[in-house]
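# Reading the structure
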Amino acid sequence: MCTARPGWHSMSLREGLYKKDSNVAKIEIPLRDVLELDEENLTVRVEPLVTMGQLSRYLLRKGYCLQVTPELDDLTAGGLVNGFGVETSSHKYGLIQHSCTRFEVVLANGDVVTCTEKDSSDLFAAIPWSHGTLGFLVSVDFKIIRCKSFVKMTYIPCHTQEQYLDAFEQESRDLTNDFVEGIVYTKEEGVIMKATLVDEVNKKQVNRIGYFWKPWFYKYVQTFLSRGETVTEYVPLTHYFHRHTRPLFWEMEEIIPFGDALWFRCLFGWLGPPHVKLLKKTQTETIRRLYEEHHVIQDMLIPMGALKDAINTFHDEIEVYPLWLCPMALLPSGDSGFMKPVVQDGQVVERMFVDLGAYGVPMVSNFEARDTLRRLESFVRKVKGYQALYADCFMDRDEFREMFDHTAYDTLRSRYGAVDAFPEIYDKISRAARR
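The structure displayed is predicted, hence computed values, not measured ones.

Bringing the overall build of the protein into the picture now. Helices and strands together make up the secondary structure of the protein, namely 16 helices and 18 strands. Here the C-alpha atoms of the protein give a radius of gyration of 21 Å, agreeing with the 22 Å that 2.2 N^0.38 yields for 435 residues. Along the three orthogonal principal directions, the C-alpha set of the protein runs to about 60 × 55 × 50 Å. With 435 residues in all, the protein has 56% of them scored as buried. At a minimum sequence separation of 6, the contacts of the protein that also span at least 24 residues come to 75%. In the form shown here, the protein has an accessible surface area of approximately 18,800 Å², with 50% of it arising from carbon and sulfur atoms.

The terminal C-alpha atoms of helix 13 (residues 369–382), which comprises 14 residues, lie 20 Å apart, in line with the 20 Å expected from a rise of 1.5 Å per residue. Within helix 13 the residues assigned to the buried category are Ala369, Thr372, Leu373, Leu376, Glu377, Phe379, Val380 and Arg381. For helix 13, the elements touching its buried residues are helix 11 (285–294), strand 13 (296–303), helix 12 (307–317), strand 18 (386–387) and helix 14 (397–403). Following helix 13 by one or two positions, Lys384 has its phi on the positive side, about 70°.

The 8 strands are arranged 12-9-11-10-14-17-13-18 in an open sheet whose pairing can be described as antiparallel. Of all strands in the sheet, those with a lone pairing partner are strand 12 (231–236) and strand 18, marking the two edges. Across 8 bridges, strand 13 lies against strand 17 (residues 352–360) in antiparallel orientation. Note on strand 17: the bridge partner recorded for Asp299 is Gly357. Relative to the sheet, helix 6 (residues 217–227) contacts strand 9 (150–158), strand 10 (179–186), strand 11 (189–198) and strand 12, its axis offset from that of strand 9 by approximately 50°.

Next up on the list: the pattern of salt bridges. One pass over the structure, following the stated rule, counts 26 salt bridges. In this structure, Glu71 engages Arg243 in a salt bridge whose closest nitrogen and oxygen atoms are separated by 3.3 Å. Of this pair, Glu71 sits in the loop between strand 5 (64–66) and helix 2 (77–82) while Arg243 sits in the loop between helix 7 (237–241) and helix 8 (252–255), placing them 172 residues apart in sequence. For the pair Glu71 and Arg243, a shared accessibility class is recorded, and that class is buried. Here Asp410 makes a salt bridge to Arg401, at a shortest N to O gap of 2.8 Å. Residues participating in the shared-partner salt-bridge network are Glu36, Arg45, Arg102, Glu104 and Asp141.

Our next topic: helix 1 (residues 52–61). Of all the residues in helix 1, the buried ones are Met52, Gly53, Leu55, Ser56 and Leu59. Projected down its long axis, helix 1 carries its buried residues within an arc of 165°, all on one side. If you follow the buried residues of helix 1, they end up packed against strand 3 (34–38), strand 4 (43–46), strand 5, helix 2, strand 8 (136–146) and helix 7. One or two steps after helix 1, the chain reaches Gly63, where phi turns positive at roughly 90°.

Moving on, we come to the nonpolar core. Phe103, Phe142, Tyr155 and Met339 are the most contacted members of the largest nonpolar core, which has 127 residues in total. If we ignore the near neighbours within four places in the chain, the residues touching Met339 are Leu95, Trp129, Leu301, Met328, Leu330, Gly334, Tyr386 and Phe404. Counting residues in each nonpolar core, the second largest holds 5 residues, with Phe136, Ala418, Ala421 and Phe422 among its members.

A separate point is unusual backbone geometry. The omega torsion of the bond from Gly272 to Pro273 falls at -5°, within 30 degrees of zero and hence cis. Here Pro273 lies in the loop between helix 9 (262–268) and helix 10 (276–281). In the segment running from Tyr321 into Pro322, the intervening peptide bond is cis, with an omega of 0°. For Pro322, the position within the fold is in the loop between helix 12 and strand 14 (323–329). At Ser120, a position not held by glycine, the phi torsion is positive, near 50°. With respect to the element layout, Ser120 can be found in the loop between strand 7 (112–115) and helix 4 (121–126). Accessibility expressed as a relative area gives 29% for Ser120, which makes it partly exposed.

Most of strand 11 sits inside the fold, with 7 of its 10 residues counted as buried. Both strand 9 and strand 11 contribute to a ladder of 9 bridges, which runs antiparallel. Bridging across to strand 11, Thr154 finds its partner in Lys194. Sheet topology note: the strand 10/strand 11 ladder contains 7 bridges and is antiparallel. Bridged to Phe179 within strand 11 is Ala195. In this structure, the hairpin formed by strand 10 and strand 11 is closed by a connection of 2 residues.

So, on to the packing of aromatic side chains. The tally for this structure, following the rule as stated, stands at 27 aromatic pairs. Centroid distance Phe338 to Tyr409: 5.2 Å. Interplanar angle 55°. Geometry classified as tilted. With a gap of 71 residues between them, Phe338 in the loop between strand 14 and strand 15 (342–344) and Tyr409 in helix 15 (residues 407–415) connect regions that are remote in the sequence. The class for Phe338 is buried, based on a relative accessible area of 5%. Judged by its relative accessible area of 1%, Tyr409 falls in the buried class. Taken together, the aromatic side chains of Phe84, Trp129, Phe353, Tyr386, Phe400, Phe404 and Tyr426 make up a single cluster linked through ring pairs. Above the face of the Tyr240 ring, Arg243 is positioned so that its terminal group lies 4.2 Å from the ring centre.

Cut-off values and rules
Residues numbered from 1 in each chain as written. Predicted model: local features only at pLDDT ≥ 70, side-chain atom pairs only at ≥ 80, totals over all residues. Heavy atoms only, no water. Helix = DSSP H or I, 4+ residues; strand = E, 2+ residues; numbered from the N terminus. Rg over C-alpha atoms; globule rule 2.2 N^0.38 Å. Buried < 20%, exposed > 50% of the residue type's maximum accessible area, 1.4 Å probe, protein only. Contact = heavy atoms within 4.5 Å. Areas by Shrake-Rupley, 256 points an atom, 1.4 Å probe, with all protein chains shown as cover. Expected span 1.5 Å × (residues − 1). Pairing = 2+ DSSP bridges. Axes fitted to C-alpha atoms, helices over the stretch in contact; angles between N-to-C directions. Salt bridge = Lys/Arg side-chain N within 4 Å of Asp/Glu carboxyl O. Arc of directions from axis to C-beta. Core = buried A, V, L, I, M, F, W, Y, C linked by side-chain atoms within 4.5 Å. Phe/Tyr/Trp six-rings, centres within 6.5 Å; stacked < 30°, edge-to-face > 60°. Lys NZ or Arg CZ within 6 Å of the ring centre and 35° of its normal.

Okay, here's the thing in structure tokens:
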């Protein structure tokens with residue numbers, strides 16, 4: 001079984017072949033509502049097809065936001081829980097799975113199970129990253145926080161690799177920062193950003209970066225490298241949450257090379273950005289092959305201590321810039337699931353990881369999609385990191401199980417009758433299972 005949601009609705013560039021398998025039953029699950037806001041316990045209950053845009057607007061009107069609010073509006077609650085969700089507050093709150101307090105799941109036999117950290121805790125820990133292979137998620141409770149109207153944003157330009165790595169680690173481990181990220185423009189240059197929630201602002205320093213005529217965010221941030229000084233300004237919270245939305249981080253430059261030109265922003269900026277699912281639905285076979293053979297979209301989750309080696313490896317293997325740096329803590333509440341902190345001699349030595357995002361055209365002359373990405377996956381396994389599974393995964397089954405701990409997952413698949421009812425994760429996310 002699987003949901004009947006069309007494959008082109010997902011945020012992966014590929015469509016799962018299992019969606020077209022006549023032997024797989026497609027189950028309609030049209031659940032797309034916000035169910036309950038619990039202001040006393042600071043949680044919100046939603047159905048799986050609620051989008052982040054829908055939920056963000058609902059909460060902000062009431063003075064709240066999620067602990068972790070992923071960037072793109074079309075991301076769904078169910079997709080983020082069953083898959084992967086990270087944002088610049090993840091150094092404090094972990095991945096989006098760590099901000100969940102309750103899942104309601106329909107099992108293969110039709111039973112409805114409510115699981116929390118205390119009740120059916122093994123299932124609660126295994127649902128994240130399971131990609132709907134243990135049961136159908138029908139509701140989820142997220143932790144929320146009281147938000148403020150603005151963020152106080154500080155841009156730290158760095159002109160050596162050591163400088164931006166040191167600044168990034170320092171700000172990521174400082175939990176007084178509400179948000180932290182970095183954009184690396186070359187192997188030696190990057191801008192580190194930190195932000196805190198505020199209500200009181202200096203009106204002369206307010207920058208409403210989300211207006212359609214404003215420069216694309218990553219282009220604007222790049223200007224701080226030439227300024228050569230640390231700058232602080234105030235950004236409306238709603239604009240901050242969607243700072244990468246208009247340029248789809250920096251992918252729009254490949255689609256509309258002149259998209260950041262002032263004349264285009266002023267005349268046509270209000271039309272964008274296109275929805276990812278529209279791009280997928282209208283994609284021709286030629287464009288699909290072009291993206292497959294000459295384009296990289298990957299998020300690798302790297303232990304903080306291996307970040308320098310990771311950036312250098314990415315440079316040697318693909319040379320794609322900019323690179324996105326987003327810190328994320330693997331909190332103890334998720335230790336019994338698929339992802340583990342770095343352990344040495346039986347002791348946890350590192351919980352802070354970094355989402356290293358590469359989106360663009362490789363500039364190396366010897367890029368071969370399968371071989372190159374397999375080498376990157378091998379590096380990530382070596383440093384005890386993880387791969388975001390919306391992206392192309394070329395690992396074989398044994399390599400995949402080496403990266404992700406399947407111990408609890410296999411037990412639960414057997415216990416809840418999922419083996420014969422749902423595909424295994426690998427058979428949904430591997431490159432061979434997608435087109």
